[in-house]
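What the coordinates show
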Amino acid sequence: MAICHGVRTDAGTAQFVKHPLDPLTAEEIAEASSILKSQRALGPRVRFETIVLKEPDKKDVLGFRNGAPVRRHAFLVVLDNDEEATYEATVCLDEGRVIDWKCIPGVQPRVMFEEFAECEAAVKADPRFRKALEKRGISDPDLVMVDPWSAGNFGFPDEEGRRLVITRNFLRSSPTDNGYARPIEGLSALVDLNKMEIMRIDDYGVVPLPPEDGNYAAEFVGDFRQDLKPLEITQPEGPSFIVDGHSVSWQKWHLRIGFTPREGLVIHTVGYEDQGRIRPILYRAALSDMVVPYGEPGKDHYRKNAFDAGEYGIGSLTNPLTLGCDCLGEIYYFDAHLNDGHGEAFTIPNAVCMHEEDYGILWKHTDFRTGKVEVRRSRRLVISSIATVGNYEYGFFWYFYQDGTIQMEVKLTGIINTSAIAEGETPKYGTIVAPQLNAHIHQHFFNFRLDMSVHGESNTVHEVNTVAEPLGPDNPHGNAFYAEATPLKTELEARRVIDPMSGRYWVVSNPSVKNVLGGHVGYKLMPGENILPFHHPSSSIMKRAGFMAKHLWVTPYAPEEMSATGSYPNQHPGGAGLPEYTKGDRSVDNTDVVLWYTLGYHHVPRPEDWPISPVAYCGFSLKPVGFFDTNPVLDVPPSMESNGACHT
Ligand code: CO
């Protein structure tokens, strides 16, 4: 069994505000809510959904010089359960006053962690629910797990305007048993979270509980393989990065770490040092939202989809990480300071992990005539966080490579969503992963907002496709093919999907900055494995997560446009976010552009995904293309082998 060693944290340094993009400290979070409570007549049943740094204007951030005073504004979202109303506030922490306070009609803030627990208790106490359990032979409600999922929006008149979740219920056989092995099929509660009362119990009839346990925890497994020898990663002189508050420099990279309850990890102001200056690449990068739509149409399963950022706040569900288990090597951790429903601060220790990894070969050549070998080892900086959203885990890993490449890798693990099926039945829309246990087909769609600044704020986007030249006078032997760049000048032109067969990628370049060869400096967005949704355009989920329909979206920078699904996706009827932002077809030519990349992971469950899924990976990368004048890693020194230099 793995032994977890001690941890080191950034405690002490994180409480310092040095830069306008530093996340709110725990003290600032508590201060923001107390200022709001003292200056506005908040009701007795108010929940604080968000208390987060209101990021200053971009020009103020870019013009900031170290040591200058830092202005601090907090942005808050509060839900009044009695009024069933949502309010947004801006609090100036410097002056200790509320500078903006407004009611936002017709929206639902995301489902908060406190609501999970209260909802579970309310459902378990409901006599109708208990009776339905008894019908299924379940006498001990303490072993029942009640997972609330947002009810979504299907246009049902009796649900309109109500803050609703639908529960998915499971039964543990003991307190640490994996309850997802025994879904209580055909039973759900529709719960009004404002009133914290059960609106309705739906019972579609009894399906027997699956017979087998699905335990993966060490105490249940016991019989471990014996042939793993220790693998230790040591850096005797320490890591090569330098951390100052939330500022990180490593090799030639310079960036800042941020964190929000909704998005989780945020990377700010990424630049690469070249010829004595830091050249900007990205102003801000983060997950903007994500959704997991399922493909089973029966009973109430059609409602099953989860916007894990916009509906549940994936940042607020982030794991505290453990050295030697989550992260191996010389690790630096950043804590995350967030708010609870009462407006008090809480801290997720070690929420963000940062370390260096050997990444194999950076480049190599052997001169076969002389036998001379030149080889360099590659190293990458890894900045990551992992969140648990109900049954699933998501890891978000940003990699920075010495050659200027930036990569995002999503790691998907945890427990697949399950339902029970009668013995002998074969599901059409799922996979049997254990006897009488059905895992529905589904997809995971992530959208990353990439506020680009390739050597400055004025950027242009091109799509590059590789084209086969037709046979003819220019191509008499039929071998000709070439890469063709097409400008994407407006938002509607820039709604694009991948095309692996044409080697499609998208380049963000700066039309006013040329490299030594006369080309415009640029970075390309390289898609990886990807897919489109299978849902009908008229379906609720395609309206509510319209971003899934395109892999690339480009918008001109607008500070209020932060999410592919809009500001309040929970129970939103649809159309918000990217479809709305882009419908005006604004120009994205030679301006401050934001790329939005949709990443789809297709999940046809396998028996091997049960009882816990080995990590699945998906992602994309940003790669310099003419950003540098030549290979930027010639200056990486050769490494030494124990028996001498590896270049001979
Ligand atoms: Co999955």
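This is a predicted model, so every value here is computed, not measured.

Definitions and cut-offs
Residues numbered from 1 in each chain as written. Predicted model: local features only at pLDDT ≥ 70, side-chain atom pairs only at ≥ 80, totals over all residues. Heavy atoms only, no water. Donors = N, O, S within 2.8 Å, 3.2 Å for Na, K, Ca; no water. Tetrahedral: all angles 85-135°; square planar, octahedral: opposite > 155°, others 65-115°. Buried < 20%, exposed > 50% of the residue type's maximum accessible area, 1.4 Å probe, protein only. Helix = DSSP H or I, 4+ residues; strand = E, 2+ residues; numbered from the N terminus. Pairing = 2+ DSSP bridges. Expected span 1.5 Å × (residues − 1). Axes fitted to C-alpha atoms, helices over the stretch in contact; angles between N-to-C directions. Contact = heavy atoms within 4.5 Å. Salt bridge = Lys/Arg side-chain N within 4 Å of Asp/Glu carboxyl O. Patch = residues over 30% accessible without salt bridge, like charges linked within 9 Å, V, L, I, M, F, W, Y side chains within 5 Å. Areas by Shrake-Rupley, 256 points an atom, 1.4 Å probe, with all protein chains shown as cover. Polar contact = N/O pair within 3.5 Å; in protein donor to acceptor, adjacent residues only side chain to side chain. 1 Å grid on protein atoms, 1.4 Å probe; cavity = no way out; pocket = protein on both sides within 12 Å on 5 of 7 lines; lining within 4 Å. Points joined across faces, edges and corners; volume = space filled by probe spheres on them.

Now for the coordination of the cobalt ion. Bound to the cobalt ion on the protein side are Y392 (OH), H442 (NE2), H444 (NE2) and H603 (ND1), at distances that span 1.8 to 2.1 Å. The site at the cobalt ion holds four donor atoms, and with the angles between them running 92 to 136 degrees, its shape is irregular. Mapped onto the sequence, the donors of the cobalt ion take the spacing Y-x49-H-x1-H-x158-H. Comparing H442 with H444, the two get one shared label, buried.

Okay, the pairing of strand β23 (residues 442–452) next. Where burial is concerned, most of β23 is hidden: eleven out of the eleven residues are buried. What you see with β23 is no split at all: H442, H444, F446, F448, L450 and M452 on one side and Q443, F445, N447, R449 and D451 on the other are buried throughout. With eight bridges joining them, strand β13 (residues 277–293) and β23 adopt antiparallel strand pairing. Residue V291 lies in a different strand from β23, and its bridge partner there is F445. Bridge count for β23 against strand β29 (residues 593–603) is ten bridges, and the pairing is antiparallel. What sits directly across from F446, in β29, is L599.

In this section: helix α3 (residues 113–125). With 13 residues, α3 extends 19 Å between its outermost C-alpha atoms, agreeing within 8% with the 18 Å of an ideal straight helix rising 1.5 Å per residue. Residues of α3 that are buried: E115, C119, A122, V123 and K124.

Attention shifts here to the sheet that holds strand β5 (residues 144–150). Across the sheet, which stays open at both edges, the four strands sit in the order β5-β6-β7-β8 with antiparallel pairing between neighbours. Of all the strands in the sheet, the pair left with one neighbour each is β5 and β8 (197–203). Across the sheet, the mean angle separating the axes of adjacent strands is 30 degrees when strand polarity is ignored. The pairing of strand β7 (residues 187–192) with β8 spans six bridges and is classified as antiparallel. Bridged to V191 within β8 is I198. The strands touched by α3 are β5, β6 (164–171), β7 and β8; relative to β5, the strand with the most contacts, the crossing angle is about 120 degrees. The strands touched by helix α4 (residues 127–135) within the sheet are β5, β6, β7 and β8, with β8 carrying the most contacts at an inclination of about 25 degrees.

With that settled, the discussion passes to the environment of I415. If you trace the backbone, I415 turns up in the loop between β19 (406–414) and β20 (419–420). Ignoring anything within four residues of it in the chain, the contact list for I415 reads N178, Y180, Y216, N391, Y392, W610 and P611.

Right, let's get into the sheet that holds strand β3 (residues 85–92). Sheet strands associate in pairs through backbone hydrogen bonding, adopting either a parallel or an antiparallel arrangement. With respect to topology, four strands assemble into an open sheet ordered β1-β2-β3-β4, the strand pairing being antiparallel. Here the strands that pair on one side only, and so sit at the sheet edges, are β1 (46–53) and β4 (97–104). Pairwise comparison of adjacent strand axes, ignoring direction, gives a mean angle of 20 degrees for this sheet. Of the strand pairs in this sheet, β3 and β4 are connected by seven bridges, and their pairing is antiparallel. Pairing of C92 across the sheet is with R97, part of β4.

What follows deals with the pattern of salt bridges. Under the criterion given, the structure shown has 45 salt bridges. One salt bridge connects R97 with E95, and the closest N-O pair in it is separated by 2.7 Å. Residue class for R97 comes out partly exposed when judged on its relative accessible area of 40%. Using a relative accessible area of 46% as the deciding quantity, one classes E95 as partly exposed. With a shortest N-O distance of 3.5 Å, K124 and E120 are connected by a salt bridge.

Looking at the secondary structure, you find R303 in the loop between β13 and β14 (305–306). Not counting residues within four places of it along the chain, the set of residues in contact with R303 comprises A151, F154, F156, E159, I166, R168, L190 and R200.

Glancing now at a nonpolar patch on the surface. A surface patch of nonpolar side chains, amounting to about 240 Å² of accessible area, comprises F220, V221 and F224. Inspection of the secondary structure puts F224 in the loop between α5 (218–221) and β9 (241–244).

Mapped onto the secondary structure, E263 falls in the loop between β11 (253–260) and β12 (264–274). Of the polar contacts made by the side chain of E263, one reaches the side chain of T260; its length is 2.8 Å. Those residues within four positions of E263 in sequence are excluded, and the remaining contacts are R284, A286, L287, I314, G315 and M562.

Glancing now at helix α1 (residues 26–39). Taking 1.5 Å of rise per residue, the 14 residues of α1 would be expected to cover 20 Å, and the 20 Å separating its terminal C-alpha atoms lies within 8% of that figure. Buried residues of α1: A26, E28, I29, A32, S33, I35 and L36, and no others. Contacts made by the buried residues of α1 are with β1, β2 (73–80), β3, β4, β15 (332–339) and β16 (345–366).

Right, let's get into the layout of surface pockets. There is about 990 Å³ of room inside the second largest pocket. Every residue lining the second largest pocket is counted, 26 residues in all, and those nearest its centre are Y216, C325, D326, T413 and I612. Counting only elements with at least two residues in the lining of the second largest pocket, the list comes to α5, β17 (373–389), β18 (392–401), β19 and β30 (613–624). Of the residues forming the lining of the second largest pocket, the biggest block, four residues, is contributed by β18.

Just distances and angles here, no functional claims.
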